[in-house]
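What the coordinates show
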Amino acid sequence: MAESPTDSATLPDANDDKRSTKSAGNAKGIVHLEYVAPDVDTLDITQLSFEFISAERCAKETGGVDAPETNARAVTRLVGAYIPAVDGPTYMRSGDYSAIALTAPSKINGNGVVVGGCVFRPQAHAFRGGTCRFIELALFAVENLCQGRSLGRQLMAYLKRHAVDNYQAQSILTFADYKAFAFF
């Protein structure tokens, strides 16, 4: 199988000076915010927390080069580093998509560090005399240096609970690239 244009420049290496992306752009000309991986030795991934970020907050907090660093902006950086062929910042700034930030306490940063996140929007469509409610999961990423510790599973479980409790969603719809099939 041929390698996609972004494969070799996308996935971070643990020995790559802790940088989680090797380029700020990609073949489609999308430019993402710079992302630097956290120092995982300073994180306590046994004490994770989740933050729902509304579509309004996503739109407000992710725009502009000089915008303050928030969890919404950190999710934008993370998904941009791991899914460079998709324009995550446009999703986040659209006002249509909400996000969930997965944070771990840090010995360095008292507010914690975003180690995972997803971008989604609720949908409701008429179907056979009723309404089909679901979540469109647009982007989902976990920091490479934190993978293999069930963080993605915990983030997905939180998203499912949030979807049912807040939108009465019956399912989650997503598109995955071939490298993500095992996760889903």
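Residues numbered from 1 in each chain as written. Predicted model: local features only at pLDDT ≥ 70, side-chain atom pairs only at ≥ 80, totals over all residues. Heavy atoms only, no water.

What to know about the pattern of salt bridges
Inspection of every chain in the model, using the stated rule, returns five salt bridges. Put simply, Glu69 and Arg73 hold a salt bridge, and the shortest N to O gap is 3.7 Å. Accessibility expressed as a relative area gives 48% for Glu69, which makes it partly exposed. Bridged by salt links that share partners, the residues Glu51, Arg57 and Glu61 form one connected network. (Salt bridge = Lys/Arg side-chain N within 4 Å of Asp/Glu carboxyl O. Buried < 20%, exposed > 50% of the residue type's maximum accessible area, 1.4 Å probe, protein only.)

A short note on the confidence of the model for the protein
Residues at a pLDDT of 70 or more form 76% of the protein, whose mean pLDDT is 78. The lowest-confidence element of the protein is helix α1 (residues 7-10), averaging 36 in pLDDT; the highest-confidence one is strand β1 (residues 49-53), averaging 95. Contacts for the low-pLDDT stretch residues 1-27, under 50 throughout, to residues beyond four places or in other chains number 48 contacts. (pLDDT = per-residue confidence, 0-100. Helix = DSSP H or I, 4+ residues; strand = E, 2+ residues; numbered from the N terminus. Contact = heavy atoms within 4.5 Å.)

A word on the environment of Asp44
Note that Asp44 resides in the loop between α1 and β1. Note on Asp44: relative accessible area 31%, which makes it partly exposed. Taking the C-alpha atoms as reference points, Asp44 and Lys107, separated by 63 residues in sequence, lie 8.3 Å from one another. Apart from the residues lying within four places of it in its own chain, the contact partners of Asp44 are Ala104 and Pro105. Engagement of the side chain of Asp44 in a polar contact is seen with the side chain of Thr46, the distance being 2.4 Å. (Polar contact = N/O pair within 3.5 Å; in protein donor to acceptor, adjacent residues only side chain to side chain.)

Focus on helix α3 (residues 71-82)
Look at α3: 17 Å from first C-alpha to last across twelve residues, which is about the 16 Å you get at 1.5 Å a residue. Among the twelve residues that make up α3, eleven are buried, leaving the element largely enclosed by the rest of the structure. Along α3, the residues classified as buried are Ala72, Arg73, Ala74, Val75, Thr76, Arg77, Leu78, Val79, Gly80, Ala81 and Tyr82. (Expected span 1.5 Å × (residues − 1).)

A closer look at the pairing of strand β4 (residues 130-142)
The pairing of strand β3 (residues 113-127) with β4 spans twelve bridges and is classified as antiparallel. Opposite Gln123, over in β4, you have Phe134 as the bridge partner. Hairpin connection from β3 to β4: two residues lie between these consecutive antiparallel strands, with Arg128 at a positive phi of about 45°. As paired elements, β4 and strand β5 (residues 171-174) share four bridges and run parallel to each other. Counterpart to Phe134 in the pairing with β5 is Ser171. For the handedness criterion, the β-α-β arrangement of β4, helix α5 (residues 151-167) and β5 is classed as right-handed. (Pairing = 2+ DSSP bridges. Right-handed = clockwise from strand over helix to strand, strands pointing away.)

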